[in-house]
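Residue strings, one per chain:
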Amino acid sequence: MKRRTDKQTTRLDAHVFVCVNERDSEYACCAEAGGEETAAAVKTWLRERDAFWSPVGVSTTDCLGLCSEAGTAITIQPHNEWFAEVRPDDVDDLMSEAFGPGADRI
Ligand code: FES
């Protein structure tokens, strides 16, 4: 193991985690609720504002414990914001509320 904290040059203001978890069972999962499409919408929103990865990171993730067939789960850290049932059409409102309409609050 190597600690690389001092070598890491990326200085993220926040990191958006979008659940794309797949589940082979009767229970709802974000993969079937548009997770990949929602993650793509988050990335596009940031790219359009020149804020993708620097200063806001985006990662897809496994279950965040907010499973619903109505949409995807998202958390924004370290802001400690959590969202359930997010659809791609909700991303503009969610991101604008979190970072400002032009990503001006980052
Ligand atoms: S499967 Fe996405 S929050 Fe559980």
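Please read these numbers as outputs of a predicted model, since none were measured by experiment.

Cut-offs applied
Residues numbered from 1 in each chain as written. Predicted model: local features only at pLDDT ≥ 70, side-chain atom pairs only at ≥ 80, totals over all residues. Core = buried A, V, L, I, M, F, W, Y, C linked by C-beta atoms within 7 Å. Buried ≥ 20, exposed ≤ 12 C-beta atoms within 10 Å, placed from the backbone. Helix = DSSP H or I, 4+ residues; strand = E, 2+ residues; numbered from the N terminus. Contact = placed C-beta atoms within 7 Å. Pairing = 2+ DSSP bridges. Axes fitted to C-alpha atoms, helices over the stretch in contact; angles between N-to-C directions.

1. Re the nonpolar core
In this structure, Val18, Val42, Ile74 and Val91 are the most contacted members of the largest nonpolar core, which totals 23 residues. Those elements that provide at least two residues to this core are strand S1 (14-19), helix H1 (35-47), strand S3 (72-77), strand S4 (81-86) and helix H2 (91-99). Counting residues per element, this core draws most heavily on H1, which supplies 5 residues. Sequence-distant contacts of Val42, that is, excluding residues within four places in its chain, are made with Val16, Val18, Val58, Val91 and Met95.

2. So, the sheet that holds strand S2 (residues 56-61)
An order of S2-S1-S3-S4 is seen for the 4 strands of this open sheet, with the pairing classed as mixed. The sheet terminates laterally at S2 and S4, the two strands that pair on one side only. Each strand of the sheet is rotated relative to its neighbour by a mean of 20°, with strand direction disregarded. Note: S3 against S4, 4 bridges, orientation antiparallel. When the sheet's bridge partners are listed, Thr72 is paired in S4 with Val86. Packing against the sheet, H2 makes contact with S2, S3 and S4, and its axis sits at approximately 170° to S4.

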